[in-house]
Amino acid sequence: MTLHIPATEAQACAIVKSVIESGTPLSIIGGNTRAGLGRPTQTQSTLSSAGLTGITLYEPSEMVIGARAGTPLALVQETLAARGQMLPFEPMDHRALLGSEGEPTIGAVAAGNVSGPRRINAGAARDSLIGIRLVNGRGEAIKSGGRVMKNVTGLDLVKLVSGSYGTLGFLTEVIFRVLPVPERVVTLVWRGLSDEAAVALLSAALGSPFEPFAAAHLPEGIGADQARTLLRLENFSDSIDYRSRELGDLLRVHGAPEMIEGEASLELWHDVRDARFFSGTEEAVWRLSLAPTLGPKATATISARVPGARWFYDWGGGLVWLAVPAGEDAAAGAIRAAIKPLGGHATLVRAPAAIRASVPVFEPLAEPLMRVSTGIKTSFDPAGIFEPGRIYAGT
Amino acid sequence: MSAIAFPVPDQSILARRDAIIAGLARLVPAEALITSADERRPYETDALTAYRRLPMAVVLPSTTQEVAAIMKFCGEQGVPIVPRGAGTSLAGGAIPQEDAVVIGVSKMNRILAIDYANRVARVQAGVTNLAVTGEVSAEGFFYAPDPSSQLACSIGGNIGMNSGGAHCLKYGVTTNNVLGVTLVMLDGSIVEVGGAHLDAPGLDILGLIVGSEGQLGVVTEATVRILRSAEGARPVLFGFPTSEEAGAAVAAIIGAGIIPVAMEFMDKPAIEICEAFAKAGYPMDVEALLIIEVEGSDTEMDAQLARIVAIAREHGVKTVKESQSAMESAAIWKGRKSAFGATGRIADYICMDGTIPTGQLPYVLRRMDEIVKGYGLRVANVFHAGDGNLHPLILYNCNDPVEAQKAEDAGMDILKLCVEVGGCLTGEHGVGIEKRDLMTFQFNPEDLNQQMRVRAVFDQAWLLNPAKVFPLEGRVAA
């Protein structure tokens, strides 16, 4: 096992070129907290971004921050917080769920398109990622996008790389647009609602002019005995007062909400963001992505077929976090069969390596799209040296 | 103007014209195939009217299956394809070439489904941008990207160019508001990418398709996000004695944690042109005008405006004028959105679209003025101040070839300036043919080769909108 830690982009290029010659595939790691995502890879060596750290650009008045890929996410967040700003998409911390240790990096946030509850309003990591530098599988340092948020110059390789889990190349630098931290954040909590009623509430709220920034539902048994339905408002203080009153009024058929803020609100959303309700268990964990109102339909079907399934909803119902007994195949067949007619897809986020090797972790694609995905992988990495098989077996 | 080269028409294709047309005639109803020179004429250019090429044929399919059949046929015959939405591209993205078939999606103009609970609409590619908002506005919803051409431009074209608009500071551009598309590939396969859900399984191919300028396939349908409108919206005019002060005010507003839905800048020449056209009540005694729009309830807007006004005063604002009615608001936006059209009434112009880091604004404004004056021409500036997306309008007389060439040269100098200060060639109009030959200024060969290799996954033979985006020399096919 060889660990490469380039200190510069040029060194990274040289390492990749040498690897192409020897033909030994590479794993890519940042802080190694998300290594358990995707299919397990068989690699002899690892390329680490640990030697590429530091903020490279921060212009608060332009709402843009750039950092080398190995920069700890925490440093980026602290730097922004010192000027009253933040990453817009509330990236998930996978450590609790995956039981991993280490320091999450900004590069991995980009490579994994790692987002959180705020995604529903402010977009995903891919929507805020505006520029990248990347070493491709030819050992060439390439760039896409830049430091300005309006940019349609050429093909948008930024989007492709975001969510590619290192399979297209080794990120060396990433640039994100940022937003101001809201003056005040509160959470409205309704209790005791069924999944259907809760998602109807969330849909009504998200279709209102009062602009919730996060919308989740925790069924009974998820973190508390009683079901909780959550709406988060972020705004100037006066607006919060006004909007929470209006929302309470609009949704009064569901009962009167309790308002929480400060640490209690923050912790609750960290639980949702990081799927902490499922941390420390032996269950396999899935993410189901579908149209929000179909969330409860999917879970009803799955629960009828998979005894012991537990779940909660984020993104107004459109993201279902699902825990099932790991068994032999993490109930993949039943789950994918339930999702397919609903037009969504399922990703296996946590399971023992043997299951992630035998069950498709990402939703299998229809033939033309699979061909395109394979072609794109080859266009970046013709020798197949980056994270082979991480997304799909054989590519 | 003749600076931008087109590929030499392939004589072997032109020689087969009759057979190719006969082949197309077997695939679509007679009324969907346009072959006479007179009827092809409207398709010879788009909004970059200085360039035009008469296409070999135009097809106006009504279904995705027809598009697939045409694509497969052209792919097999090796005939170039130029996809076309409404033909409003300012970058020449829809300008054809003599050996190409234009596939226009104008007949595919139906809104297929609206789903308010899930906040999405399914539309055909030929639907106009404004028609989507029009369809859902009674329920209080809207489609966020709002390019100035929104009355005419199509969703398919918006997806091709990743169009923006005045309100994208808050709501994002097309790529942030499209969740799925039906894409017809060159071999005629029909693929569904994305859907009504928020993230992609595997690689983000949807994110690649948006903004690919018709070079990866033809989009025939899309699932777009629709958003609930704010309770109210109010544009306010802020007149400044200098552009520098207006620019500093924009930076200070953002620095104070306020993100208005729109912050639009106009310089004095633009103010004069737009006011003469729209009678919007723009102040005439200032050098720079900001249109800042806030949203929310009346009380919320009052509170937010009070903060903005206080910041503007610290930065020397001379005039503050709030819209007092819906009619006044409409007039304020009409002036801004008709800036290009209004300019066209007094002179020919070319409209540039570079983006710069907003901190460079005072320097870039000064340099642009010098550049254009250096060519003996005039410039009017309108742009999206919050995100640094510039739209300098270089005025010239198109009947004077020398002046036309100067205007084009000045435009290219401005775009190079945008790249030099850390920005890019195009913020929302796309590369098209217009900026194609400047791509090497922003990207090095490795950057461009990687883009072209990705492109080749979809089109090895360079048949899809081939004259666009990438310089004609040095093309990579795999």
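Worth saying up front: this structure is predicted, and the values here are computed from it rather than measured.

Draft legend 1. Quick look at the overall build of chain B. Within chain B, the regular secondary structure consists of 17 helices and 18 strands. For chain B, whose C-alpha radius of gyration is 22 Å, the value lies close to the compact-globule estimate of 23 Å for 478 residues. Taken over 478 residues, chain B has a buried fraction of 59%. Looking at chain B alone, contacts between residues at least 24 apart form 73% of all its contacts between residues at least 6 apart.

Draft legend 2. Quick look at the overall build of chain A. When you go through chain A residue by residue, the secondary structure sums to 14 helices and 18 strands. By the compact-globule yardstick of 21 Å for 395 residues, chain A fits well, its C-alpha radius of gyration being 21 Å. Judged by the C-alpha coordinates and their principal axes, chain A covers about 65 × 50 × 35 Å. The buried share of chain A, taken over its 395 residues, is 58%. Considering only contacts in chain A between residues 6 or more positions apart, those separated by 24 or more positions represent 72%.

Draft legend 3. Representation of helix 1 (residues 9-22) of chain A within the structure. Residue and element names in this part refer to chain A. Between its terminal C-alpha atoms helix 1 stretches 20 Å, which fits the 20 Å expected from 14 residues at 1.5 Å a residue. Considered for burial, the residues of helix 1 that qualify are A12, I15, V16 and V19. Axial view of helix 1: buried residues confined to an arc of 100 degrees, hence all on one face. Exposed residues lying more than 90 degrees from the buried face of helix 1 are A10, S18 and E21. The secondary structure elements touched by the buried residues of helix 1 are strand 1 (2-4), strand 2 (26-29), strand 3 (45-48), strand 7 (129-135) and strand 9 (170-177). At the exit of helix 1 stands G23, carrying a positive phi of roughly 75 degrees.

Draft legend 4. Spotlight on the environment of B:L54. Residues and elements named next belong to chain B. Of note, L54 is situated in the loop between helix 3 (37-40) and strand 2 (57-59). Assessed through the 15 C-beta atoms surrounding it within 10 Å, L54 is described here as partly exposed. When the C-alpha atoms of L54 and N109 are compared, they prove to be 24 Å apart, with 55 residues separating the residues in sequence. Other than its neighbours up to four places away in sequence, L54 contacts A37, R40, R41, E44 and E98.

Draft legend 5. Geometry of the domain arrangement of chain B. Residue and element names in this part refer to chain B. With domains assigned, chain B is organised as domain 1 (111-228), domain 2 (233-339) and domain 3 (347-436). Centre-to-centre, using C-alpha coordinates, domain 2 lies 23 Å away from domain 3. Between domain 2 and domain 3, the residue contacts involve 17 residues of the former and 13 residues of the latter. Elements with a contribution of two residues or more to the side of domain 2 that touches domain 3: helix 9 (243-255), strand 13 (262-267) and helix 10 (268-278). Top element by residues in the side of domain 2 that touches domain 3 is helix 9. It accounts for six residues.

Draft legend 6. Representation of unusual backbone geometry within the structure. Of note, the phi angle at A:N113 is positive, near 45 degrees, even though the residue is not glycine. Along the chain, A:N113 falls in the loop between helix 4 (106-111) and helix 5 (119-122). Of note, B:N465 is a non-glycine position whose phi angle comes to about 40 degrees, a positive value. Its location among the elements puts B:N465 in the segment after helix 17 (445-458). For B:N465, a count of 28 C-beta atoms within 10 Å puts it in the buried group.

Draft legend 7. The sheet that holds strand 9 (residues 190-194) of chain B, seen in detail. All names here are of chain B. Read from one edge to the other, the open sheet built from five strands follows the order 5-6-10-8-9, with strand pairing classed as antiparallel. Of all the strands in the sheet, the pair left with one neighbour each is strand 5 (111-115) and strand 9. Recorded for the sheet is a direction-independent mean angle of 10 degrees between the axes of neighbouring strands. Note that strand 5 and strand 6 (residues 120-124) share four bridges and pair antiparallel. Among the inter-strand pairings, I114 is bridged to a residue of strand 6, identified as A121. With respect to the sheet, helix 5 (residues 129-136) is in contact with strand 5, strand 6 and strand 10 (218-225), its orientation differing from that of strand 5 by roughly 45 degrees.

Draft legend 8. Broad picture of the pairing of strand 2 of chain A. All names here are of chain A. Side chains L26 and I28 project from strand 2 onto one buried face, and the interleaved S27 and I29 project onto a second face that is buried too. Sheet topology note: the strand 2/strand 3 ladder contains four bridges and is parallel. Following the sheet pairing, L26 is matched in strand 3 by S45.

Draft legend 9. Broad picture of helix 12 (residues 326-337) of chain B. Residues and elements named next belong to chain B. With twelve residues, helix 12 should cover 16 Å at 1.5 Å per step; its first-to-last C-alpha distance of 16 Å lies within 8% of that length. Within helix 12, the full set of buried residues consists of I332, W333, G335, R336 and K337. Its buried side turned inward, helix 12 meets strand 12 (233-240), strand 13, helix 10, strand 14 (288-295), helix 13 (339-346) and strand 17 (378-384).

Draft legend 10. Representation of the interface of chain A and chain B. In this assembly, 67 residues from chain A lie in contact with 76 residues from chain B. Looking at the side of chain A that touches chain B element by element, the count peaks at eight residues for helix 14 (residues 367-380) of chain A. Per-class residue counts for the side of chain A that touches chain B are 29 nonpolar, 25 polar and 13 charged.

Draft legend 11. Expanded view of the nonpolar core. Among the nonpolar cores identified, the biggest contains 280 residues, and B:V101, B:V224, B:L290 and B:I394 are the most heavily contacted of them. The dominant element in this core, judged by the number of residues it contributes, is helix 8 (residues 195-206) of chain A, at seven residues. Once residues lying within four places of it in the same chain are set aside, the contact partners of B:L290 are B:F238, B:A246, B:A249, B:V250, B:M263, B:E264, B:F265 and B:A385.

Draft legend 12. Local environment of the environment of B:S163. All names here are of chain B. Tracing the backbone shows S163 in the loop between helix 6 (155-161) and helix 7 (168-171). C-alpha separation for the pair S163 and C153, spaced ten residues apart in sequence, amounts to 9.9 Å. Apart from residues no more than four positions distant in its own chain, S163 is found in contact with P145, P147, N158, V173, T174 and E428.

Draft legend 13. Local environment of the confidence of the model for chain B. Per-residue pLDDT for chain B averages 94, and the proportion of residues at 70 or more is 100%. Reported confidences for the modelled complex are a pTM of 0.97 and an ipTM of 0.97.

Draft legend 14. Examining the sheet that holds strand 1 of chain A more closely. Residues and elements named next belong to chain A. The strand order 1-3-2 describes an open sheet built from three strands, whose pairing is parallel. Two strands lie at the open edges of the sheet, namely strand 1 and strand 2, each paired on one side alone. Between one strand axis and the next, the sheet turns through 25 degrees on average, direction left out of account. As judged from the three bridges shared by strand 1 and strand 3, these two strands associate in the parallel manner. Paired with H4 across the bridge in strand 3 is L47.

Draft legend 15. Looking closely at the packing of helix 14 of chain A against helix 17 of chain B. Put simply, helix 14 of chain A and helix 17 of chain B touch, their axes get as near as 9 Å, and they point 155 degrees apart. Taken together, the axis directions place helix 14 of chain A and helix 17 of chain B in an arrangement best described as roughly antiparallel. As for the relative orientation of helix 14 of chain A and helix 17 of chain B, their crossing is right-handed in sense. Contact residues: A:V372, A:G375, A:I376, A:S379 and A:F380 in helix 14 of chain A; B:Q450, B:R453, B:V454, B:A456 and B:V457 in helix 17 of chain B. Here the contact of helix 14 of chain A with helix 17 of chain B is built from residues that sort into six nonpolar, three polar and one charged.

Thresholds applied
- Residues numbered from 1 in each chain as written.
- Chains lettered and ligands numbered in written order.
- Predicted model: local features only at pLDDT ≥ 70, side-chain atom pairs only at ≥ 80, totals over all residues.
- Helix = DSSP H or I, 4+ residues; strand = E, 2+ residues; numbered from the N terminus.
- Rg over C-alpha atoms; globule rule 2.2 N^0.38 Å.
- Buried ≥ 20, exposed ≤ 12 C-beta atoms within 10 Å, placed from the backbone.
- Contact = placed C-beta atoms within 7 Å.
- Expected span 1.5 Å × (residues − 1).
- Arc of directions from axis to C-beta.
- Domains from an automatic or database assignment.
- Pairing = 2+ DSSP bridges.
- Axes fitted to C-alpha atoms, helices over the stretch in contact; angles between N-to-C directions.
- Nonpolar A, V, L, I, M, F, W, Y, C, P; charged D, E, K, R; others polar.
- Core = buried A, V, L, I, M, F, W, Y, C linked by C-beta atoms within 7 Å.
- pLDDT = per-residue confidence, 0-100.
- Parallel < 35°, antiparallel > 145°, perpendicular 65-115°, else oblique.
- Left-handed = near helix turned anticlockwise from the far one by under 90°.

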